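# Structure assessment
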Amino acid sequence: MSTKSIGEYNFPAPDRVENFHGNQVVYLHWSKHLSFCAATAYPLPPDMPFGAVISNVIPGTYGPHPDFPRIDWSAVEWRIDGKPAKPDPEKSLKDNGIHHKSLVEFRTPGLDGYRGSAS
Amino acid sequence: MNAINSGASKKRLPLKEKYRHLTRGLHWDTTYQPMNKVFPHAAYEGIKIHDWDKWEDPFRLTMDAYWKFQAEKERKLYAVLDTFAQNNGQTNFTDARYVNTMKLFLTGVSPLEYMAHRGFGHAGRQMAGVGPRVACQMQSLDELRHVQTQIHTMSHLNKYFSGFHEFPHLHSRMWYLSVPKSFFDDAVTAGPFEFMTAIGFSFEYVLTNLLFVPFMSGAAYNGDMATMTFGFSAQSDEARHMTLGLEVIKFMLEQDEQNVPIVQKWIDKWFWRGHRMLGLVAMMMDYMLPKRIMSWKEAWSMYFTEAGGALFADLARYGIRLPKYAEVATAEADHISHQNWAIFYQYTHAAGFHTWLPSDEEMDWLSAKYPDTFDKYYRPRFDLWREMEKEGKRFYNMGLPQLCSTCQIPMGYTEPGDPTSIAFRSSKYNGDTYHFCSDGCKDIFDNEPEKFSQAWLPVHQIFQGNCGGATMEDVLKWYKLDGDNMDYAQSLDKKMWDEWQAGKNRVSG
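Attention in this report is confined to the structure presented alongside it. Model, not experiment: these values are computed from the prediction. (Residues numbered from 1 in each chain as written. Chains lettered and ligands numbered in written order. Predicted model: local features only at pLDDT ≥ 70, side-chain atom pairs only at ≥ 80, totals over all residues. Heavy atoms only, no water.)

## Observations concerning the overall build of chain A
- Along chain A, the regular secondary structure elements total 1 helix and 5 strands.
- Each helix and strand of chain A, placed in order from N terminus to C terminus, yields the pattern β-β-α-β-β-β.
- Its C-alpha atoms put chain A at 55 × 35 × 25 Å along the principal axes.
- Here the analysis covers contacts within chain A between residues at least 6 apart in sequence; of these, 66% occur between residues at least 24 apart.
- Looking at chain A as shown, the accessible area adds up to about 5,600 Å², and 51% of this sits on carbon and sulfur atoms.
- Charge-centre separation for chain A: the mean point of 12 positive side chains lies 6 Å from the mean point of 13 negative side chains. (Helix = DSSP H or I, 4+ residues; strand = E, 2+ residues; numbered from the N terminus. Contact = heavy atoms within 4.5 Å. Areas by Shrake-Rupley, 256 points an atom, 1.4 Å probe, with all protein chains shown as cover. Lys, Arg positive; Asp, Glu negative; His and termini not counted. Charge placed at Lys NZ, Arg CZ, Asp CG, Glu CD.)

Shown next, in the form of structure tokens:
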């Protein structure tokens, strides 16, 4: 089904990647830590190495959580757009298969939120 | 026309005849232009109308009587508003936290009343039958009256409290107000029959009790006589709107069998959209009213499960069933108020009203009202934030939230059956990915991707540089926030309220 209209109905999407000044939108989500109410969004250069997401992007948002200092980053399980992934920190977002509006989820085994409540 | 001329010599027409002249008598079939050119939107949605004369006027009101009734109501309302202002009625509220519900109302709901005024004017213009045209005209005027009375009522609060001063500016800019704005923009850009199904039926008939009653009872419970009075003043209008909404549905269903699946699809869509938007009311009822009326879950059960259930049982004879995902919405009643308040608590640095953590007593009320979910999933969240607050690190989320491409709410809702995992849904359209908070929102997008892919998502607009600049400070300046945001504990509202209370104590002591 499509939109019924009185004439031609074809408009460009405001969210297409060329509107983001060279960046692409990437969403991050820390599983079982729902005191962060939703995944968070960032405009990031597609050539940025994935390691920079871990060192420069994630701490600014997720740092305040008491579980954060206890994360063992080598044990973290990643999912990119719903599929299990092992992103290479040296490679770029693009080369790790992270595209415009990709969702990157990370699960921290043994850390399931404040008192294990998924908060 | 002859009938009117010959009747002019009499002193008064019998009521029935007057009614006929002032409604059906105003119609004529055009001859210079074909009717389908004069009413170009009447057929493109696929709704087939064979006989407009079969329309049963849901209420018998002529325009002259309408003006008389409305003028009387206005006189009474403005007398109450004057008294409220002269007696400083705002000092009798239960608590200044209450005022935040009115900020939400003025910035989120009142502009929709204005859009409803425009929407019914437009839908009425496009109806090729005179019965619905006259009814739409009256509703259009009602809606204009509602937005005016609401603005007048709350202009008094604007003299004292933050959060009221930029409501029209905020409505088309503030991130969370894109939720109600896009809801109504979707409705008014649809054809006249979908608009009537969306607003007249799904919203005014099925869900209005969950919007209007909580706000007005909330006002009554919390000492806001001015708001309660504009609620009463609008109530008789609302009764008319409900009968119009139901009549439109029945008329479409009776006119042609092929209308049934189209109407059902609209009911499914607008039920889910309405449910998502009413999540704001849910958090208002459970978290923002200092003196609570009932829980959101109780209200949902009374007004949707019971009253809505009876309505859809009645519509079954036309082949209409309960809206799709009604059972999901009912299951969500255990969660949405908590999840929504959590969203606003952590983003209140960028909001036009204040938030706070529930007190011990309030948390116990929530436990009692939500025995299956509150203690297990939500109390720990508030405990964590309370600990952080005590350490001087009140929690503000520094990342901007991922928004649903349909409802535009931060994607904070959880998987049906698993409150510990966020529900992520997505679709591909024209090579791009679109994200949704639920199956309901995904279905709506998938049915009209050309429309919803145009969503003006505030977070993405900030990234594109369309909201004042790149930093949070730039964006807040663009919103024109000025002491309206942050936690209630440090607000100007609280400071003023505490001074008022101290003053009262001095006088009485």
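## Things to note about the side chain of T227 of chain B
- Mapped onto the elements of the fold, T227 of chain B is located in helix α11 (residues 225-255).
- Among all residues touching T227 of chain B, those that are not within four sequence positions of it are Y98, M102, T153, M216 and A219 of chain B.

## Focus on the packing of helix α4 (residues 63-86) of chain B against helix α6 (residues 130-157) of chain B
Residue and element names in this part refer to chain B.
- For the pair α4 and α6, interaxial distance at closest approach is 11 Å and the crossing angle is 10°. The angle between α4 and α6 places the two elements in the roughly parallel class. Facing M63, Y66, W67, Q70, K73, E74, L77, Y78, L81, F84 and A85 of α4, the residues of α6 in contact are Q137, M138, L141, D142, R145, Q148, T149, H152, T153 and H156.
- A class-by-class count of the residues in the contact of α4 with α6 yields 10 nonpolar, 7 polar and 4 charged. (Axes fitted to C-alpha atoms, helices over the stretch in contact; angles between N-to-C directions. Parallel < 35°, antiparallel > 145°, perpendicular 65-115°, else oblique. Nonpolar A, V, L, I, M, F, W, Y, C, P; charged D, E, K, R; others polar.)

## Concerning empty space enclosed by the protein
Residue and element names in this part refer to chain B.
- Counted under the stated rule, the structure contains 7 cavities of 30 Å³ or more.
- Counted as a void, the largest cavity has a volume near 270 Å³.
- Those elements that provide at least two residues to the lining of the largest cavity are α5 (99-126), α8 (178-188), α9 (192-207), α10 (212-221) and α12 (259-288).
- Ranked by residues supplied to the lining of the largest cavity, first place goes to α5 with 6 residues.
- A class-by-class count of the residues in the lining of the largest cavity yields 16 nonpolar, 2 polar and 4 charged.
- Within this model, the second largest cavity holds a volume of roughly 80 Å³. (1 Å grid on protein atoms, 1.4 Å probe; cavity = no way out; pocket = protein on both sides within 12 Å on 5 of 7 lines; lining within 4 Å. Points joined across faces, edges and corners; volume = space filled by probe spheres on them.)

## What about the layout of surface pockets?
- By volume, the largest pocket is sized at about 820 Å³.
- Lining the largest pocket we find 41 residues, and of these Y9 of chain A together with D185, D186, T189 and K451 of chain B sit closest to its centre.
- Of all the secondary structure elements, the ones that give two or more residues to the lining of the largest pocket are α8, α12, α18 (439-447) and α19 (449-452) of chain B.
- Counting residues per element, the lining of the largest pocket draws most heavily on α8 of chain B, which supplies 6 residues.
- Residue composition of the lining of the largest pocket, grouped by class: 14 nonpolar, 15 polar and 12 charged.
- There is about 330 Å³ of room inside the second largest pocket.
- In this structure, the second largest pocket is lined by 17 residues; those nearest its centre are L400, I462, F463, A470 and M472 of chain B.
- Counting residues per element, the ones that place at least two in the lining of the second largest pocket are β1 (400-401), α20 (458-463) and α21 (472-479) of chain B.
- Here the lining of the second largest pocket is composed, by residue class, of 14 nonpolar, 3 polar and no charged.

## Examining unusual backbone geometry
- One non-glycine residue, K101 of chain A, lies in the positive phi region at around 65°.
- Assignment of secondary structure puts K101 of chain A in the loop between β4 (83-85) and β5 (102-107).
- One non-glycine residue, K480 of chain B, adopts positive backbone phi at about 65°.
- The topology assignment puts K480 of chain B in the loop between α21 and α22 (492-508).

## Structural notes on the pattern of salt bridges
All names here are of chain B.
- Using the criterion set out here, one finds 40 salt bridges over all chains in the structure.
- The salt bridge involving K73 is made with D237; its shortest N-O contact spans 2.6 Å. Of this pair, K73 sits in helix α4 while D237 is found in helix α11, placing the two residues 164 residues apart along the sequence.
- R240 serves as the salt-bridge partner of D142, at 2.6 Å between the closest nitrogen and oxygen. Linking D142 in helix α6 with R240 in helix α11, this pair joins segments that are 98 residues apart in sequence.
- Looking at D142, the relative accessible area reads 0%, which means it is buried.
- The network of salt bridges with shared partners includes K73, E74, D142, R145, D237 and R240. (Salt bridge = Lys/Arg side-chain N within 4 Å of Asp/Glu carboxyl O. Buried < 20%, exposed > 50% of the residue type's maximum accessible area, 1.4 Å probe, protein only.)

## Digging into the state of the cysteines
All names here are of chain B.
- Evaluated as defined, the whole model comprises 0 disulfides over all chains.
- We note that C437 lacks a disulfide partner, and the nearest cysteine sulfur, in C441, lies 3.8 Å from it.
- Relative accessible area serves as the criterion here: at 2%, C437 is assigned to the buried category. (Disulfide = S-S within 2.5 Å.)

## Let's talk about the interface of chain B and chain A
- Listed by partner, the interface residues are 54 residues for chain B and 44 residues for chain A.
- Summed over both partners, the interface of chain B with chain A buries about 4,000 Å², with 58% contributed by carbon and sulfur atoms.
- Of the charged contacts, one joins E387 of chain B and R115 of chain A as a salt bridge, the two residues approaching to 3.4 Å between their closest N and O atoms.
- Across the chain B-chain A interface, the total number found is 18 residue pairs in polar contact (both at pLDDT 80 or more).
- Among the elements that line the side of chain B that touches chain A, the one with the most residues is helix α17 (residues 374-390) of chain B, at 9 residues.
- When grouped by side-chain class, the residues that make up the side of chain B that touches chain A number 24 nonpolar, 18 polar and 12 charged.
- In this structure, strand β2 (residues 40-44) of chain A lies alongside β1 of chain B, joined through 2 bridges in antiparallel fashion. Looking at the pairing, T40 of chain A lines up with P401 of chain B of β1 of chain B. (Buried area = accessible area lost by both parts, 1.4 Å probe. Polar contact = N/O pair within 3.5 Å; in protein donor to acceptor, adjacent residues only side chain to side chain. Pairing = 2+ DSSP bridges.)

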